[in-house]
Amino acid sequence: MRGKVLSYDDSLAQGLISGDDGVRYGFTRADLMGGARSVATGSTVDFEASDGRAVSVYVVSTGLSDKNKWVAALLTFFFGIWGVHKFYLGKNTAGVIMLVCGTVGWFLVIPGIAAALISFIELIIYLLKSEQKFHEDYVAGDRSWF
């Protein structure tokens, strides 16, 4: 059966799926198949219903927002020292800090170098993370740095 993930709490390792039949099914991390260790809210899943629970849950579509890791990586590569990628991801405080360090900070040298180093490290991290993990950390989550 197909359904959508209504919620998933990674710390509790459990979530809730709304099935195409209109019934809600609970599931745990152990029910996730295909190597998935977590699932984003809004993801489309395929699962088997058993005793009112979802088992053998496979992620069909992540349901991720329009915040793409590739766009964030390109913004980091070209405009990283000014924090443009932070603004793109909605991390405005971090974006302002990088903007200040990337502009006025060059007069003091060290803040400018720090902004360049941070943007380079974040570029590598963005490229190495899976789409799902990127979404969990930087779009759905509140992670602003690294």
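Owing to the predicted nature of the structure, the values given are computational and were not obtained by experimental measurement.

(A) Local environment of the pairing of strand β4 (residues 44–50). In this structure, strand β1 (residues 2–9) lies alongside β4, joined through three bridges in antiparallel fashion. Bridging from a neighbouring strand, G3 pairs with V45 of β4. The sheet contact formed by β4 and strand β5 (residues 53–61) spans six bridges and is antiparallel. Counterpart to S50 in the pairing with β5 is R53. In this structure, the hairpin formed by β4 and β5 is closed by a connection of two residues, where D51 is found at a positive phi of approximately 55°.

(B) Molecular detail of the UniProt feature "transmembrane region" (unreviewed entry) in the protein. Mapped onto this numbering, the UniProt entry annotates "transmembrane region" (unreviewed entry) at residues 70–89 and 95–128. Counted over residues 70–89, helix gives 75% and strand 0%. Its end C-alpha atoms are 12 Å apart. From the first C-alpha to the last, residues 95–128 spans 22 Å; its make-up is 82% helix and 0% strand.

(C) View of the packing of helix α3 (residues 92–103) against helix α4 (residues 110–128). Running from N to C, α3 and α4 point in directions that differ by 130°, and their axes come no closer than 7 Å. Judged by the angle between their axes, α3 and α4 are oblique. Considering the relative orientation of α3 and α4, their crossing is left-handed. Together, M98, C101 and G102 of α3 and P111, G112, A115, I118, S119 and E122 of α4 make up the contact between the two elements. Its residues assigned to classes, the contact of α3 with α4 shows five nonpolar, three polar and one charged.

Parameters and conventions
- Residues numbered from 1 in each chain as written.
- Predicted model: local features only at pLDDT ≥ 70, side-chain atom pairs only at ≥ 80, totals over all residues.
- Heavy atoms only, no water.
- Pairing = 2+ DSSP bridges.
- Helix = DSSP H or I, 4+ residues; strand = E, 2+ residues; numbered from the N terminus.
- UniProt positions renumbered as here; feature names shortened; annotations may be inferred.
- Axes fitted to C-alpha atoms, helices over the stretch in contact; angles between N-to-C directions.
- Parallel < 35°, antiparallel > 145°, perpendicular 65-115°, else oblique.
- Left-handed = near helix turned anticlockwise from the far one by under 90°.
- Contact = heavy atoms within 4.5 Å.
- Nonpolar A, V, L, I, M, F, W, Y, C, P; charged D, E, K, R; others polar.

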